[in-house]
There are 2 protein chains.
Amino acid sequence: MRAAIFGGPGKITVGERPDPVIKNPTDAIVRVSLACVCGSDLWYYRGLSPHDLGAIGHEFIGTVEEVGSEVRDLRPGDFVVTPFTYSDGTCVLCRAGWFSNCLHGGGYGNHGIDGGQGEAVRVPFAGTTLVNVPGSGHSDKTLRSILALSDVACTGHHAAASAGVGPGMTVAVVGDGAVGLSAVLAAKRLGAGQIIALSRNPARQAVAREFGATDIVEERGDAAIAAVHDLTGGLGVEAALECVGTGESMSTAFGIARSGGMVGAVGAPHDVEVPIDVVIFRNVGLRGGVAPARRYLPALLEDVLADRINPGLVFDFETDLDHIVDGYEAMDDRRAIKSLVRIAVSAESGAGLAQTAHPRMP
Amino acid sequence: MRAAIFGGPGKITVGERPDPVIKNPTDAIVRVSLACVCGSDLWYYRGLSPHDLGAIGHEFIGTVEEVGSEVRDLRPGDFVVTPFTYSDGTCVLCRAGWFSNCLHGGGYGNHGIDGGQGEAVRVPFAGTTLVNVPGSGHSDKTLRSILALSDVACTGHHAAASAGVGPGMTVAVVGDGAVGLSAVLAAKRLGAGQIIALSRNPARQAVAREFGATDIVEERGDAAIAAVHDLTGGLGVEAALECVGTGESMSTAFGIARSGGMVGAVGAPHDVEVPIDVVIFRNVGLRGGVAPARRYLPALLEDVLADRINPGLVFDFETDLDHIVDGYEAMDDRRAIKSLVRIAVSAESGAGLAQTAHPRMP
């Protein structure tokens, strides 16, 4: 099969990789229709985080092609979305909802597991990992939003959920990447009353507004902290959502958090220091991490299918597998918020795509 | 009046300080009967945290002597316990329950406010700060427990509450000082199923057992982390309560926390680094801080008066005001867990004390 191949920092090519086959009875093979490029892929692309050479990508939707003998509730032809980590669904951490910390789970595109940026993927623990998408003939808009649920929408939701965002709350989001924008959407969905997006980019501000931001702060650093205090009666926000992962963004998040508030953090950390004095003397908590997307996916999928949320708006660049490097470069240059990659649209592999919709196989 | 006077690191004397008088209509004057020495006082005594010269101490119980014109629900003769910070009870942070972060509040024994280690205290915002102790003729055992509610029992409770301790949960407590032991008690009170106390001191282990510890770990550092994993099926604990405030104790707390778990931290931080990789990649949250004791006090007081909890067991050294330095030294040498200081036992000032019990003034 053809797939994106990571050859080290700055090197993404497209080439041949072995066709995936069922190795364990709990595996399924998924033929990928849509994939995308993650902000964390950029860390690898830039050489700032380690990544195995070879397969890459961890977000995709597609059609089940084959299932192992122990896979229940999934059949060939099912259209599915995957959370960006696979999980057995039965260990004590999965049972507690921490699917992304599954004792036997892992991520795609590393450690010998196929990447999502390719034509097909062997999915371990498929029955407890993949989420079946009901219905057929979904519009391209809907499919883009379902693809967003694979990681970015769930990760934004995790920031908001970790910070305890609830009805009427005052929230600010640090970071206007796809995750930050998704965190705005999540805060809105959870009922936040005031949502302040920190962004100096007009296109991203527009998406933030569309997703529910009530205020935009263009300043950075101390000026941003002052601006957020101005917008919140001098108090700061009850929930500060940190969606970048740098020392400055974490410092800003704690700076804008109200005493007794929470920082919900989902940015992959690079040189981050937690201001423990703020934690202790202002009672500002910190929670977040690698999102347990499998926990959040069903409810978010329901909202997507009912057209209550449109997380796919984060995709503002589109390409195909052969040109996937363009998707990386557009994000690396900050020309794109997030790049969608059309892998296949044939009748065989594109089940669920509007242009190739066909009845679900029995 | 006579009071303890902080003269700099290592210097605690007893001398004369001005008798407190009502300055604001929301003030009350409290005649102190029992006070105590806090672990944080030791930081000052050791020169490791800054403290104004002069008044010191922030935990006390006593009798209301005089109230300002705007103090409601308190009368001279009322027997009261104070949380270790005073708060207006009306600002947005107090209304949200964050009394220790009150926009107009503060602490005793600093910034010109009388200390608790003296014969009398002017209490600002007395009506919203002090908690009236119902009944009279309380036993010395009960009074010691009420005194513990002034700080240490509420601070231990804050560690457990911040970590979300609930029925059946697996908890470990780092620190066998009075706060750590109080955190054991709090975890038990909140229904924890397994409570692991880290302590190598037999006397403190005994109190931990009495408070509800199910297991004791004597190891430190990596060996402690391994021991806690051994006791929890290799998983670590759902809630790790950090009650010391050093880099090593925080590192241990994150090391013993299960993925998806919480660190509840209440130790005053000294050279603490938060392992952000554990926060993000293992989804271990961090919450805690200066306890909003006023929020917790009423429920804990009810449990003390009903003899359901006995937090006063942390007091294993007793002295009087003249010899208060002995109380500091006993704690500094780790001969004592926590030192109680009998300030007054006269009929006039000792209302509520069993040996001088008298009917409440009308």
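Bear in mind the structure is a predicted one, so any value in this text is a computation, not a measurement.

### Thoughts on the overall build of chain A
- The helix and strand inventory of chain A stands at twelve helices and 17 strands.
- Over its C-alpha atoms chain A spans a radius of gyration of 20 Å, differing by no more than 12% from the 21 Å that the globule rule assigns to 362 residues.
- Across its three principal axes, chain A shows a C-alpha extent of roughly 60 × 40 × 35 Å.
- For chain A, with 362 residues in total, the buried portion stands at 60%.
- Here the contacts in chain A between residues at least 6 apart in sequence split such that 68% fall between residues at least 24 apart.

### Quick word on helix α12 (residues 324-332) of chain A
All names here are of chain A.
- Regarding α12, the residues found buried are I324, G327, Y328 and M331. For α12, the buried positions fall inside an angular range of 100° around the axis, keeping them on one side.
- Looking at the packing, one finds that the buried side of α12 touches β1 (2-6), β2 (12-16), α1 (39-45), β16 (315-320) and β17 (338-342).
- Looking one or two residues beyond α12, the residue adopting positive phi is R334, at roughly 60°.

### Re the relation of the copies chain A and chain B
- Aligned on chain B, chain A shows an RMSD of 0.0 Å; the corresponding rotation is 180° and the shift along the axis is 0.0 Å. The relationship between the two copies is best expressed as a two-fold rotation axis. Residue L286 of chain A of chain A places its C-alpha closer to the rotation axis than any other residue of that unit, at 2.6 Å.
- Comparing interface residues between copies, 100% of those in chain A also sit at the interface in chain B, which points to an isologous, same-surface contact.

### Observations concerning the pairing of strand β15 (residues 285-288) of chain B
Residue and element names in this part refer to chain B.
- The alternating pattern of β15 places G285 and R287 on one face and L286 and G288 on the opposite face, and all of these are buried.
- Relative to β15, strand β14 (residues 257-265) is paired through four bridges, and the arrangement is parallel. Pairing of A265 across the sheet is with G288, part of β15.

### Things to note about the interface of chain A and chain B
- The interface of chain A with chain B comprises 26 residues on the first partner and 26 residues on the second.
- Looking at the side of chain A that touches chain B, the elements with two or more residues in it are α2 (92-95), β14 (257-265), α10 (276-281) and β15 (285-288) of chain A.
- A total of five residues in the side of chain A that touches chain B trace back to one element, the largest contributor, which is α10 of chain A.
- The residue inventory of the side of chain A that touches chain B, partitioned by class, reads 16 nonpolar, seven polar and three charged.

### Here we look at helix α6 (residues 178-189) of chain A
All names here are of chain A.
- With twelve residues, α6 should cover 16 Å at 1.5 Å per step; its first-to-last C-alpha distance of 16 Å lies within 8% of that length.
- Counting buried positions along α6 yields twelve of twelve residues, so the element is predominantly enclosed.
- Looking at α6, one finds that the buried residues are A178, V179, G180, L181, S182, A183, V184, L185, A186, A187, K188 and R189.
- In the segment just after α6, G191 is the residue with positive phi, at about 100°.

### Some remarks on the domain arrangement of chain A
All names here are of chain A.
- Structurally, chain A comprises domain 1 (2-151 + 292-356) and domain 2 (156-288).
- One C-alpha centre belongs to domain 1, the other to domain 2; they are set 27 Å apart.
- Residue-level contacts link 13 residues of domain 1 with 13 residues of domain 2.
- If you list the elements that add at least two residues to the side of domain 1 that touches domain 2, you get α1 and α11 (293-305).
- When the residues that make up the side of domain 1 that touches domain 2 are grouped by side-chain class, the tally is nine nonpolar, three polar and one charged.

### Comments concerning the environment of V274 of chain A
- Inspection of the secondary structure puts V274 of chain A in the loop between β14 and α10.
- Linking V274 of chain A and I5 of chain A, residues 269 residues apart in sequence, is a C-alpha distance of 35 Å.
- If we skip the residues at most four places from it in the chain, V274 of chain A touches M250, V279 and L286 of chain A together with V274 and I276 of chain B.

### Things to note about unusual backbone geometry
- The backbone of R334 of chain A shows a phi angle near 60°, a positive value even though the residue is not glycine.
- Here R334 of chain A is to be found in the loop between α12 and β17.
- Look at R334 of chain A and you get exposed, because 11 C-beta atoms sit within 10 Å.
- Here D271 of chain B, not a glycine, exhibits a phi torsion of approximately 55°, which is positive.
- Turning to its location among the elements, D271 of chain B is positioned in the loop between β14 and α10 (276-281).
- Classification of D271 of chain B as exposed rests on a count of 10 C-beta atoms within 10 Å.

Cut-offs used in this document
- Residues numbered from 1 in each chain as written.
- Chains lettered and ligands numbered in written order.
- Predicted model: local features only at pLDDT ≥ 70, side-chain atom pairs only at ≥ 80, totals over all residues.
- Helix = DSSP H or I, 4+ residues; strand = E, 2+ residues; numbered from the N terminus.
- Rg over C-alpha atoms; globule rule 2.2 N^0.38 Å.
- Buried ≥ 20, exposed ≤ 12 C-beta atoms within 10 Å, placed from the backbone.
- Contact = placed C-beta atoms within 7 Å.
- Arc of directions from axis to C-beta.
- Least-squares fit on C-alpha atoms with pLDDT ≥ 70 in both.
- Pairing = 2+ DSSP bridges.
- Nonpolar A, V, L, I, M, F, W, Y, C, P; charged D, E, K, R; others polar.
- Expected span 1.5 Å × (residues − 1).
- Domains from an automatic or database assignment.

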